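# Chain and residue survey
Chain by chain, the residues run as shown.
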Amino acid sequence: MMPVVTPEISTQHNTERLMTSNQMAWFRFTRNPSAVIGAVMVLSVVLAAIFAPILSPSPQSAGSFVDFAHRHHAPSIDFWFGTDNVGRDIFSRVIYGYRVSLSLVVGVLGVAVPFGVVLGLMAGYFAGRTEFVIMRFTDVMLAIPPLAMALAITAVLSPSLINAMIAITMLWWTWHTRLIYRIVKAQMSEDYIEAAKVAGASHAHIMFKELLPNCVSAISVKISLDAGFVILFGATLSFLGLGVHPPTPDLGTMVSTGSEYLPEFWWEAMMPGLAILYAILGFNLLGDGLRDMMDVEV
Amino acid sequence: MLFYLAKRAISLLLVLLGLAILIFVIARIVPGDPARIALGPLATATQVFEMRQEMGLDDPFVVQLWNYLYGLAHGDLGKSFLTSRPVMHDIMQALPATFELVLFTIVLQVILSIPLGVVAAIYRDTWVDNVSRIVSLIGVVTPGFVLAIILQLVASYKLQFFPVTGRIDQGLGYSAAHSGLLLVDSIIDQRWDVFGDALRHILLPSIALAAGGIGQVMRITRSSMIEVSGRDFIEASRANGIPERVVQFRYMLRIACIAPLTILGLEFASLIGNAFVVEFVFSWPGIASYGVRTILQKDLNAVIGVVLVSGVFFIIANLTIDTILGFIDPRNRLREDSK
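Here is a short report on the structure shown in this document. (Residues numbered from 1 in each chain as written. Chains lettered and ligands numbered in written order. Predicted model: local features only at pLDDT ≥ 70, side-chain atom pairs only at ≥ 80, totals over all residues. Heavy atoms only, no water.)

## A look at the overall build of chain A
Here is the rule: Strands are runs of DSSP state E lasting at least 2 residues, helices are runs of H or I lasting at least 4, and numbering of each runs from the N terminus. Working definition: with a 1.4 Å probe on protein chains only, accessible area under 20% of the residue-type maximum means buried, over 50% means exposed, and in between means partly exposed.
On a plain count of helices and strands, chain A comes out with 11 helices and zero strands. Across chain A, helices and strands are ordered from the amino to the carboxyl terminus as α-α-α-α-α-α-α-α-α-α-α. With respect to the three principal axes, the spread of C-alpha positions in chain A is 75 × 55 × 45 Å. Burial analysis of chain A (298 residues in total) assigns 52% to the buried set.

What follows is the structure, given as structure tokens:
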């Protein structure tokens, strides 16, 4: 007997009907093991970044500290992730590296999300010429390979953390514009929008008080998924030598420097590499979990 | 069908034009004098002045833009300050290596991800599905350069089976003369030793490049297979006694592969981007290595050229996907034709 593919059966639990929507969302979230694991991973990264000076065994390793007596030490009890080519503790540098990564996330999404959301609201709400101009411009921006564009921007602006942030931000808003545009377009024919118009509500009121609340869950899922990819993007830029500069402990730069000592001192590239992987995985699991919980398409 | 494709091609050309203008504007509005940047800090004021004349930087902006677009239409991307050769020439030299890598990666993605997604859908919620879920998640979240280094470490250094870097063993003394693609040309010339060597070189970089897309496309194939399986015409085919394998692969897959193919087209953009990193790790002599080198040297003409060429790549890929989709799903082209 051949296995037969059957349609997905909705697994609405009976108990869900007795709960408020918040309780139901929390119920679904906690019943989703990958979401919980993701949340714990993200929390650990954020806490490590905040309490880096307390948690790191050797805070001076974050700077241009040199200890040639301990260079190229393999991972051990004293040095959990080993030491690098000038004897700095890689574990401490990874923790401080998360600070850099997370500030990149906050900087990029803090600008790109509001910008993209407002443009998406405008494109969806004002049909016609506004819609055409905004969406065609978004299409052009989306046609540019993101990394190639970021490389070009950091190249002309000279490499640094701030410029990497600018480069990523310039490309990131497009995804939010597209997402919000799609949601708004679907909402425009709903009765409540018609009602608001008839009641004489201003454009701003309809966009920000009526439409925006309907986009919030999609935006928050997208932000969680984005955070991982911004970290990846920033790490990739610094890996190529176009992002954060030494001695700032950045994960991408650490992988790049460490890869010069392959295969003998493998931990020097591998540990920061796995640290990047850990952070991205955490944000991704969390984002997927939130998506299931809020039941939105992103 | 032709009308549909022509329409797509025109809209993509417009996107390309927009891209060209955008990049030019960005390159001109950034602070700093491009002539000064090109010549370096040691150049004298006269040299900078002459360079400005040569580059036409003192012309009105619209004239500069027009000259640039005019050159572009004739395949002229200006001169590279790094190599002092035309940028077009440099790019054309590096392009086959990248093209081969990207093409091979896409083939790898299609032949691995779609069948694996189908298998995951057929054996839904069994251990097969769970393993595929974990594998695809790891593929999606692993940064290209980390995976590249892991592969290098394990397959090249530890197992000694794959070469660490490069595109071909220089000792073979082979140069691809027909298409520039080593794998194709070596078959034409019946040089099987070259073919094998090129294959061993390309495998690791393309796996590192393909992993993210494979994971994503696999999951999408799975979910669209499951979605399609509930449709009436599938039930009808089953009820008519058509063998399950035939239903799955001939009827369901045809509909279900539309979404993954669209995603593959979109993936292409990130593929080119990631090629920068993977080529960097494996010292692959492609356009990305050239791009990174020129970026670090602030060679603006070359940087614009590289970004543009990758944009063209992306647009061609999308057009190809649109063509394939037009054949698979007639609704796509009919909807456009009837407008």
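## Considerations on the interface of chain A and chain B
Rules: Note on definitions: a residue-residue contact is assigned when non-hydrogen atoms from the two residues lie within 4.5 Å. Buried area, as used here, totals the accessible surface that two parts lose on assembly, with accessibility defined by a 1.4 Å probe and the loss added over both. In the sections that follow, a salt bridge refers to a side-chain nitrogen of Lys or Arg positioned within 4 Å of a carboxyl oxygen of Asp or Glu.
In this assembly, 48 residues from chain A lie in contact with 49 residues from chain B. When chain A packs against chain B, close to 4,300 Å² is buried across both sides, 81% of that on carbon and sulfur atoms. At the boundary of chain A and chain B, one finds zero salt bridges. Only α5 (129-143), α6 (146-157), α9 (203-239) and α11 (267-294) of chain A provide two or more residues apiece to the side of chain A that touches chain B.

## Considering the packing of helix α4 (residues 90-125) of chain A against α11(A)
Residues and elements named next belong to chain A. Note the cut-off: To define axes, lines are fitted to C-alpha atoms, for helices over the stretch in contact only, and angles between the resulting N-to-C directions are given on a 0 to 180 degree scale. In this scheme, roughly parallel covers angles under 35 degrees and roughly antiparallel covers those over 145, while 65 to 115 is roughly perpendicular and the rest are oblique. Crossing handedness is read from the near helix: turned anticlockwise from the far helix by less than a right angle, it gives a left-handed crossing, and turned clockwise, a right-handed one.
Their axes nearest at 11 Å, the elements α4 and α11 cross at an angle of 40 degrees. As judged from the angle between their axes, α4 and α11 are oblique. Of the two elements, α4 crosses α11, and the hand of that crossing is right-handed. Across the interface between the two elements, I90, V94, Y98 and L102 of α4 pack against W267, E268, M271, P272, A275, Y278, A279 and F283 of α11.

## Side note on unusual backbone geometry
Residue and element names in this part refer to chain B. With phi around 60 degrees, D125 is a residue other than glycine that occupies positive phi space. Relative to the assigned elements, D125 resides in the loop between α5 (87-122) and α6 (127-141). Backbone geometry at S283 places phi at a positive 45 degrees, although glycine is not the residue there. Turning to its location among the elements, S283 is positioned in the loop between α12 (258-281) and α13 (287-296).

## Observations concerning a nonpolar patch on the surface
Residue and element names in this part refer to chain A. Note the following rule: Candidate patch residues must exceed 30% relative accessible area and have no salt bridge, after which like charges are joined if within 9 Å and Val, Leu, Ile, Met, Phe, Trp or Tyr side chains if within 5 Å. Computed by Shrake-Rupley with a 1.4 Å probe, the accessible areas treat only the displayed protein chains as cover when residues are assessed.
A cluster of nonpolar residues, L43, L47, I50, F51, I54 and L55, forms a patch on the protein surface that exposes about 610 Å² of accessible area. For the nonpolar patch, the elements supplying multiple residues, two or more each, are α2 (33-50) and α3 (52-55). It is α2 that contributes the most residues to the nonpolar patch, three residues altogether. For L47, the location among the structural elements is in helix α2. With relative accessibility at 38%, the residue L47 sits in the partly exposed group.

## A look at the side chain of S113(B)
Residue and element names in this part refer to chain B. For the record, the criterion: Nitrogen and oxygen atoms within 3.5 Å of one another constitute a polar contact, given that in protein one can donate a hydrogen and the other can accept it, and given that sequence-neighbouring residues count only through two side-chain atoms.
Mapped onto the elements of the fold, S113 is located in helix α5. A distance of 2.4 Å separates the side chain of S113 from the backbone oxygen of Q109, its partner in a polar contact. Setting aside chain neighbours within four positions, we find S113 in contact with L108, I214, V217, M218 and T221.

## A look at the pattern of salt bridges
All names here are of chain B. Evaluated as defined, the whole model comprises 10 salt bridges over all chains. Across the pair E235 and R238 runs a salt bridge, and its minimum N-O distance is 3.4 Å. Within this pair, E235 and its partner R238 are both found in helix α10 (residues 232-239), separated by three residues, close to a single helical turn. In this structure R238 comes out as buried when scored by relative accessible area, which is 17%.

## Structural notes on the packing of aromatic side chains
What describes a pair of aromatic rings is the distance from one ring centre to the other and the angle between the planes of the rings. Rules: What counts as a ring pair is set by centres within 6.5 Å for rings of Phe, Tyr and Trp (its six-membered ring), and what kind of pair is set by the plane angle: stacked under 30 degrees, edge-to-face over 60, tilted for all other angles.
According to the stated counting rule, one finds 11 aromatic pairs over all chains in the structure shown. Seen in terms of ring centroids, F239(A) and F145(B) are 4.4 Å apart; in terms of plane orientation they differ by 15 degrees. Their pairing is stacked. You can see F239(A) sitting in helix α9 and its partner F145(B) sitting in helix α7 (residues 144-158), one on each of two chains. Like F145(B), F239(A) is buried. Between the aromatic rings of F239(A) and F280(B), the centroid separation amounts to 5.8 Å while the plane-to-plane angle is 75 degrees, which identifies the pairing as edge-to-face.

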